[in-house]
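# Coordinate inspection notes
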Amino acid sequence: MTDMADFIIEQTGPEAQLRFTGRLTLSGLGVLPDRLDALHAPVHEVNLSGVERMDTVGAWIIQRFVERTGAKVVGASEDAVRLMSLVHATERDVRVRPEPAPAVVRVVSEIGEATLLAWQTLLGLIAFFGSVLIATWDLIRSPRRIRIDAVVHRFELVGVKALGIIGLMSFLIGIVIAQQGAVQLEQFGAEVLTVNLIGRITTRELGVLMTAIMVAGRSGSAFAAQIGTMKLTEEIDAMRTIGVSPIEALVLPRMLAAIIMMPLLGFYATLISIIGGGIFCWVSLEIPPITFVQRLQEVIPITDLWVGLLKAPVFGAIIAMTGCFQGMQVSGNAEEVGLKTTAAVVQAIFLVIVLDAFFAVFFTQIGWI
Amino acid sequence: MDLNNPIAIRIRGITNAFGDQVVHQELDLDVRNGEILGVVGGSGTGKSVLMRTIIGLQQPSAGEIEIFGDPMIGGDPEQQLDLRRRWGVMFQGGALFSTLTVAENIQVPLREFYPQLGQTLLDEIAAYKVIMAGLPANAGPKYPSELSGGMKKRAGLARALALDPQLLFLDEPTAGLDPIAAAAFDTLTRNLSRTLGLTVFLITHDLDTLHAVCDRVAVLADHKVVAVGTISELLASDHPWIQAYFNGPRGRAASAAVASQPVRKA
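If you're wondering where the values come from, they're calculated on a predicted model, not measured in any experiment.

Residues and elements named next belong to chain A. On the surface, a nonpolar cluster with roughly 490 Å² of combined accessible area is contributed by I146, I148, V152, L256, I260 and L264. Of all the elements in the fold, those that place two or more residues in the nonpolar patch are α5 (148–159) and α9 (246–285). Ranked by residues supplied to the nonpolar patch, first place goes to α9 with 3 residues. If you trace the backbone, L256 turns up in helix α9.

We now examine the confidence of the model for chain A. Averaged over all residues, the pLDDT of chain A is 89; the fraction at 70 or higher stands at 98%. Helix α6 (residues 163–186) of chain A holds the highest mean pLDDT among the elements of chain A, 95, whereas helix α3 (residues 78–89) of chain A holds the lowest, 78.

Moving on to the sheet that holds strand β3 (residues 36–41) of chain B. All names here are of chain B. The strand order across the open sheet formed by 6 strands is β6-β7-β8-β3-β9-β10, and the pairing between neighbours is mixed. The open sheet terminates on both sides in strands that have one partner only, identified here as β6 (87–90) and β10 (224–229). Geometrically, the sheet is characterised by an average inter-axis angle of 15° between neighbouring strands, direction not taken into account. Each of β3, β6, β7 (167–171), β8 (199–203) and β9 (216–221) is contacted by helix α1 (residues 47–54), which is oriented at about 145° to β8, the strand it contacts most.

Moving on, we get to the pattern of salt bridges. A pair can form between side chains of opposite charge whenever their charged atoms are brought close. All names here are of chain A. The tally for this structure, following the rule as stated, stands at 20 salt bridges over all chains. A salt bridge links R147 to E248, with the nearest nitrogen and oxygen atoms 3.7 Å apart. On the criterion of sequence distance, the pair formed by R147 in the loop between α4 (103–141) and α5 and E248 in helix α9 is long-range, its members being 101 residues apart. A relative accessible area of 33% places R147 in the partly exposed class.

Moving on, we come to the packing of helix α3 (residues 102–113) of chain B against helix α4 (residues 119–132) of chain B. All names here are of chain B. Where α3 contacts α4, the axes come no closer than 9 Å and their chain directions differ by 120°. If you check the angle between α3 and α4, you find them oblique. Crossing of α3 against α4: the hand is right-handed. For the pair formed by α3 and α4, the contact residues are V102, A103, I106, Q107, L110 and R111 on the first element and Q119, L122, D123, I125, A126, K129 and V130 on the second. Of the residues belonging to the contact of α3 with α4, the class tally is 8 nonpolar, 2 polar and 3 charged.

Another point: the nonpolar core. Among the nonpolar cores identified, the biggest contains 87 residues, and F20, L24 and M54 of chain A are the most heavily contacted of them. No other element matches α4 of chain B, which puts 9 residues into this core. Dropping the residues within four chain positions of it, F20 of chain A is found in contact with D6, F7, L32, L36, V46, N47, L48, G50, V51 and I62 of chain A. Grouped together as the second largest cluster of nonpolar side chains are 44 residues, L250, F315, I318 and C324 of chain A included.

Take the packing of aromatic side chains next. All names here are of chain B. Applying the stated rule across the entire model yields 11 aromatic pairs over all chains. Between F169 and F201, the ring centres sit 5.4 Å apart and the planes meet at 55°, which makes this aromatic pair tilted. You can see F169 sitting in strand β7 and its partner F201 sitting in strand β8, a full 32 residues away along the chain. Comparing F169 with F201 shows no difference in burial state: the two are buried.

Moving on to the interface of chain A and chain B. On the chain B side, the residues contacting the 26 residues of chain A number 30 residues. Of the roughly 2,500 Å² buried at the junction of chain A and chain B (both faces included), carbon and sulfur atoms supply 65%. Taken together, the links from chain A to chain B amount to 1 salt bridge. The salt bridge involving R64 of chain A is made with E124 of chain B; its shortest N-O contact spans 2.6 Å. Of all elements in the fold, only α2 (56–69), α3 and α12 (334–365) of chain A reach the threshold of two or more residues within the side of chain A that touches chain B. Considering each element in turn, the side of chain A that touches chain B owes the most residues, 5 residues, to α2 of chain A. Along the lines of polarity and charge, the residues of the side of chain A that touches chain B split into 12 nonpolar, 6 polar and 8 charged.

Scoring rules and cut-offs
- Residues numbered from 1 in each chain as written.
- Chains lettered and ligands numbered in written order.
- Predicted model: local features only at pLDDT ≥ 70, side-chain atom pairs only at ≥ 80, totals over all residues.
- Heavy atoms only, no water.
- Patch = residues over 30% accessible without salt bridge, like charges linked within 9 Å, V, L, I, M, F, W, Y side chains within 5 Å.
- Areas by Shrake-Rupley, 256 points an atom, 1.4 Å probe, with all protein chains shown as cover.
- Salt bridge = Lys/Arg side-chain N within 4 Å of Asp/Glu carboxyl O.
- Helix = DSSP H or I, 4+ residues; strand = E, 2+ residues; numbered from the N terminus.
- pLDDT = per-residue confidence, 0-100.
- Pairing = 2+ DSSP bridges.
- Axes fitted to C-alpha atoms, helices over the stretch in contact; angles between N-to-C directions.
- Contact = heavy atoms within 4.5 Å.
- Buried < 20%, exposed > 50% of the residue type's maximum accessible area, 1.4 Å probe, protein only.
- Parallel < 35°, antiparallel > 145°, perpendicular 65-115°, else oblique.
- Left-handed = near helix turned anticlockwise from the far one by under 90°.
- Nonpolar A, V, L, I, M, F, W, Y, C, P; charged D, E, K, R; others polar.
- Core = buried A, V, L, I, M, F, W, Y, C linked by side-chain atoms within 4.5 Å.
- Phe/Tyr/Trp six-rings, centres within 6.5 Å; stacked < 30°, edge-to-face > 60°.
- Buried area = accessible area lost by both parts, 1.4 Å probe.

Dropping the structure here:
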């Protein structure tokens, strides 16, 4: 291996000469740039005759030094002269990063941007909802355009493939509710009311709510990422030019799948939760399954089931819509896909919980207690 | 071009196969130091696979590759890392990191291999590489999504040149560019290779690029390199694909253009 770059100062009378040796290349530089920067003695000549090899970085460092000190270059090889003129010729005011704004401006502009973004997202969501309604109406008028294959495929992805994880989750939730409920109710000697607790809370609230959260995490994110990636690869633009409406081809099958699958999954989740709770009651509280089922029949009004099942399709629509909407908002780079996917899941879960609160009040008001 | 130049890349007996589909069979090729070697071949003859094999992204099922005399396959990892600093690669679409600005893209290899460089120097290096690759002075702080196709390629070239490599791989540098931008890119490639003493491995479909830039051309067909030589040498070959390629309507147009307006050779 050849020598690292180095320099020595030779004092000849009043004139100081800087002699460079070794490889003035990126790999041979070492700490030379820092040493040069620290050098403040007046230098009149830079001697390059001892340099073995030079690349553009080496040439740039010499050029920079010469410029700072006003020294003359001597003993440069033909290659060195060529490289130095190359980097010299390119020497212009080149910006490397955006101008940093003052802190106050940055804070204000960030608040402004966030406000604008929130406003635009709201408007965009409403516009998106509108175009989905229009596409739905078009589809109703010409039902032969419904993409049965796509819809069935989504049914499988959103519904069937989720059965395992939603079942497991619901079963555990059923057990947890039963166990925690039993501990509290025991203090009043009312363990038997655990059945009421499990039956009503899962049918009315938790079955559908937890399913919605799981579907938002599983399918809402998938919708956003799929559509976002298609947006990046210009597939959506290609669809539009062919005359296929992306709303009709991509969004409606997903909406339809989520709207139809959510009540089914919610009902299934409720059932499994009750089974989980029932098993706990049987094992720990010694309530036999027959008694458990009889008691369920007595305490759960049929309206509880309607409460759960009416909410489910609305939640499904919201999850699918935020997922598809955020996917459509992707532009630019791969990072956007991640950001929008996150936004889709967060917004979907948030909206689902807000709506659930409205539903709770609404159903109580109309007397479905 | 001096025929006795030492060999930069020596490829011997490379075989590449994906499942049943054989791409390369016992392929041999030499790239000499300081030359611009154009690699041509029909679609699916494995030009990009060959490049990926040389730079170690694709493990061949058999064969040897030496770069500057060091083995690429089966060498020790330390040595291979050292080799990696000696080449730059420009991928077809630029393959810029989309979350970094152009200047930051250029600084990635510098930071990776030379963490001791200060931020000021890194910025200065990025600045002159931006200009060297023919980008406008304000391109540094832009993100790849804000660049046109031609600018992305130039930014990719700037990143490939970041480490001042001796060896440059270009994958279809002029594909998708308008003729003016393509001609400008050809001139840029030629000038840079002459000024910086680069060895260039250039994959292309562009006949004008072959005429304007390449010292020699290697033709990939029938799973091998069927011919290597200057364009006039290749014209003398009677291989049907070479004849069809260079004597087809487009081939004749390109060579007529060169004959009427001789390219300045440095």
